[in-house]
Amino acid sequence: MSAEGAGPGPGPGPGPVPRSEPGSEAGPLCPEHGQALSWFCDSEGRPVCAACAELGGRCRGHRIRRAEERAEELRNKIVDQCERLQLQSAGITKYVAEVLPGKNQRAVTMASAARELVIQRLSLVRSLCESEEQRLLEQVHGEEERAHQSILTQRVHWAEALQKLDTIRSSLVGMLTHLDDLQLIQKEQEIFERTEEAEGILDPQESEKLNFNEKCTRSPLLTQLWATAVLGSLSGTEDIRIDERTVSPFLQLSDDRRTLTFSAKKSKACVDGPERFDHWPNALAATSFQAGLHAWTVNVQNSCAYKVGVASGQLPRKGSGSDCRLGHNAFSWVFSRYDQQFRFLHNGQHEALGLLRCPARLGVLLDLQARELLFYDPASGTVLYTHHAPFPGPLFPVFAVADQTISIVH
């Protein structure tokens, strides 16, 4: 077969190519041979004519294919990119329409709750902390404004991103629609740049900057004054008594049901029942709390081994496993003393507390609205530990003693 009878093959080197007569096809011509640029050299990344592609041409040994094949490949890339841009735009639109409004509403709601909490507590000690009230309210307002501004900034950012994506997509669609094969090939660098620019626009990510920070209302001064005021006003009104049905056989309960005394010998007179702890020296109060603010004080000066706190009614009662041991499961939150070691215990996590003195009395504050459990030394006015977390209700005051005696103060 003569060199004028076949086109280049699909392999790495060209086959015989037909010669095109100069000026026989419309469009740009090869500057060297004056023929139509109907072929594409993958090695050089540019369109060439038939003369360049034949065995004696400049592209000998290169991979040659028809220009329309390269153009079709670019069209497919544009279609794929347009689909990705459309999906990305849909994701951003959904984020702006659904997530950001919810974030804004939650920030407003939480800011309102924080204000109420600050005002409620400061009303008990207003004569001592009017300036602190103002400072905290401004802090809440500042945090609300910060969260709101962050959300507004996100809106502006994603609006600009959507506009940029739309511009890129429109440009690519315009190329796809209006350019012929050679024009499309000549725009390859621009297509690459447009695609790279679109890939630089990241999808929305969850950010704590969009959430209201509840910690802005936590003030050591406020907590200490609030605890002093609450225990001073409520400790005598909470009539907490121990449920005798729950008392461990290693404990003795006083007639007024406020004092627990440890006994190394298991009581034989204790009748077993489903509510009773049968191994660990534990006991639950008869009263449970599901909402509101509650406080009580326990006299612990005679004991070197005790636990005081709250527990869910789901706390198991039977056996020697950790699921019944206060502070070693998900159902109990307790302040613990063993000899000179003080800890806060919950769900098997032990947090050591470096106390300078052993409290004679231990105040317990449970604020279910604020999701806060606080332990307090009334004698020194010191907050010993504060735990913030959602609590499952109802919660019972809970006690354990393995040395001497502890008593609920009335």
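In this text the structure is predicted, and so the values were computed from the model without any measurement.

I tried to follow the overall build of the chain on my own but got confused; where do I start?
Looking only at helices and strands, the chain has six helices and 16 strands in total. Considered along the principal axes of its C-alpha atoms, the chain spans approximately 120 × 50 × 35 Å. Across the 410 residues in the chain, those meeting the buried criterion constitute 43%. A separation of at least 24 residues holds for 64% of the contacts in the chain among residues at least 6 apart in sequence. Of the charged side chains in the chain, 44 are positive and 52 negative; the average position of the first set lies 8 Å away from that of the second.

I would appreciate a short explanation of the layout of surface pockets in the present structure.
Empty space among the atoms can be located by rolling a probe the size of a water molecule over them. Roughly 590 Å³ of volume is contained in the largest pocket. Lining of the largest pocket is provided by 24 residues; of these, Leu-117, Thr-217, Ala-370, Glu-372 and His-388 occupy positions nearest its centre. Sorting elements by how many residues they give to the lining of the largest pocket places helix α2 (residues 67–122) first, with seven residues. Classifying every residue of the lining of the largest pocket gives eleven nonpolar, seven polar and six charged. Estimates place the volume of the second largest pocket at around 370 Å³. For the second largest pocket, the lining is made up of 20 residues, of which Lys-307, Arg-325, Ser-336, Arg-337 and Tyr-338 are closest to its centre. No other element matches strand β10 (residues 341–346), which puts four residues into the lining of the second largest pocket.

Whenever I open this one, the pairing of β10 confuses me. Can you help?
Within a regular strand, the side chains alternate between the two sheet faces. Sheet analysis places strand β9 (residues 332–338) next to β10, joined by six bridges and oriented antiparallel. Paired with Ser-336 across the bridge in β10 is Arg-343. The antiparallel pairing of β9 with β10 creates a hairpin that spans two residues between the two strands, and Asp-339 there sits at a positive phi of about 60°. Judged from the five bridges that link them, β10 and strand β11 (residues 349–353) form a sheet pairing that is antiparallel. Residue Leu-345 lies in a different strand from β11, and its bridge partner there is His-350. Two successive antiparallel strands, β10 and β11, enclose a turn made up of two residues, where Asn-347 displays a positive phi of approximately 55°.

Please explain the packing of aromatic side chains as it appears in this structure.
A ring pair, where both rings are aromatic, is described by two values, the distance of the centres and the angle of the planes. Under the criterion given, the structure shown has seven aromatic pairs. Here Phe-335 and Phe-375 contribute two aromatic rings whose centre-to-centre distance is 5.7 Å and whose plane-to-plane angle is 40°, an arrangement assigned as tilted. You can see Phe-335 sitting in strand β9 and its partner Phe-375 sitting in strand β13 (residues 372–377), a full 40 residues away along the chain. On the accessibility criterion, Phe-335 (0% relative accessible area) is buried. Among the residues examined, Phe-375 registers a relative accessible area of 0% and is labelled buried. Each ring, one from Phe-344 and one from Phe-375, has its centre 6.2 Å from the other, and the planes form 55°; the classification is tilted. Residue Phe-344 is located in strand β10, and its partner Phe-375 is located in strand β13; the two are separated by 31 residues in the primary sequence. A relative accessible area of 4% places Phe-344 in the buried class. Each member of the aromatic cluster is reached from another via a ring pair, and the members are Phe-335, Phe-342, Phe-344, Phe-375 and Tyr-385.

Please clarify how the sheet that holds strand β1 (residues 39–41) should be interpreted in this entry.
Strand pairs in the sheet, formed through backbone hydrogen bonds, run parallel or antiparallel to each other. With antiparallel pairing, the three strands of this open sheet are ordered in space as β2-β1-β3. Among the strands making up the open sheet, the edge pair consists of β2 (46–48) and β3 (64–66). Ignoring strand direction, the axes of neighbouring strands in this sheet form an average angle of 40°.

Hey, could you run me through the confidence of the model for the chain in this one?
As a general rule, the predicted coordinates of low-pLDDT regions are not to be interpreted in detail. The pLDDT averaged across the chain works out to 86; a share of 90% of its residues lies at or above 70. Contacts from residues 1–25, a stretch scored under 50 in pLDDT, to residues over four places away or in other chains number 56 contacts.

For this particular structure, what's the right way to read the pairing of strand β8 (residues 305–312)?
Burial analysis of β8 places eight of its eight residues in the buried class, the great majority of the element. Residues Ala-305, Lys-307, Gly-309 and Ala-311 of β8 are buried on one face, and the alternating residues Tyr-306, Val-308, Val-310 and Ser-312, pointing to the opposite face, are buried as well. Pairing geometry for β8 and β9, over seven bridges, is antiparallel. In the sheet register, Lys-307 faces β9, and the bridge partner there is Ser-336. In this structure, β8 lies alongside strand β15 (residues 395–401), joined through seven bridges in antiparallel fashion. Its bridge partner lying in β15, Ser-312 is registered against Leu-395.

The rules we used
- Counting restarts for each chain, with residues numbered from 1 along the sequence as it is written.
- With pLDDT at 70 or above as the cut-off, local features in this predicted model cover only qualifying residues; side-chain atom pairs require 80 or more to be listed or tallied, and sums for whole chains, interfaces and linings still use all residues.
- Only hydrogens and water are set aside when side-chain values are computed; all heavy atoms of the structure are taken into account.
- A run of H or I in DSSP becomes a helix once it reaches four residues, and a run of E becomes a strand once it reaches two; helices and strands are each numbered from the N terminus.
- Each residue's exposure class comes from its accessible area (1.4 Å probe, protein chains only) as a fraction of the maximum for that residue type: buried when under 20%, exposed when over 50%, partly exposed otherwise.
- Should any heavy atoms of two residues lie within 4.5 Å, those residues are considered in contact.
- For the purpose of counting charges, residues Lys and Arg are taken to be positive, whereas Asp and Glu are taken to be negative. His and the chain ends are not included.
- In this description, the location of a charge corresponds to atom NZ of lysine, CZ of arginine, CG of aspartate or CD of glutamate.
- Here the term cavity refers to a set of points on a 1 Å grid, laid over the protein atoms alone, in which a 1.4 Å probe fits but cannot get out; the term pocket refers to an open set having protein on both sides within 12 Å along at least five of seven lines, with lining residues being those that place an atom within 4 Å of a point.
- Grid points are joined across faces, edges and corners, and a volume is the space filled by probe spheres set on the points.
- Residues are sorted three ways: Asp, Glu, Lys and Arg are charged, Ala, Val, Leu, Ile, Met, Phe, Trp, Tyr, Cys and Pro are nonpolar, and all the rest, Gly among them, are polar.
- Pairing between strands is defined by DSSP: at least two bridges between the two strands are required.
- Any pair of Phe, Tyr and Trp rings, taking the six-membered ring for Trp, is counted once the centres come within 6.5 Å. Such a pair is stacked with planes under 30 degrees apart, edge-to-face with planes over 60 apart, and tilted for the rest.
- Between the N-to-C directions of two axes lies an angle of 0 to 180 degrees, each axis being a line fitted to C-alpha atoms and, for a helix, fitted only over the stretch in contact.
- The pLDDT value tells you how sure the predictor is about a given residue, anywhere from 0 up to 100.

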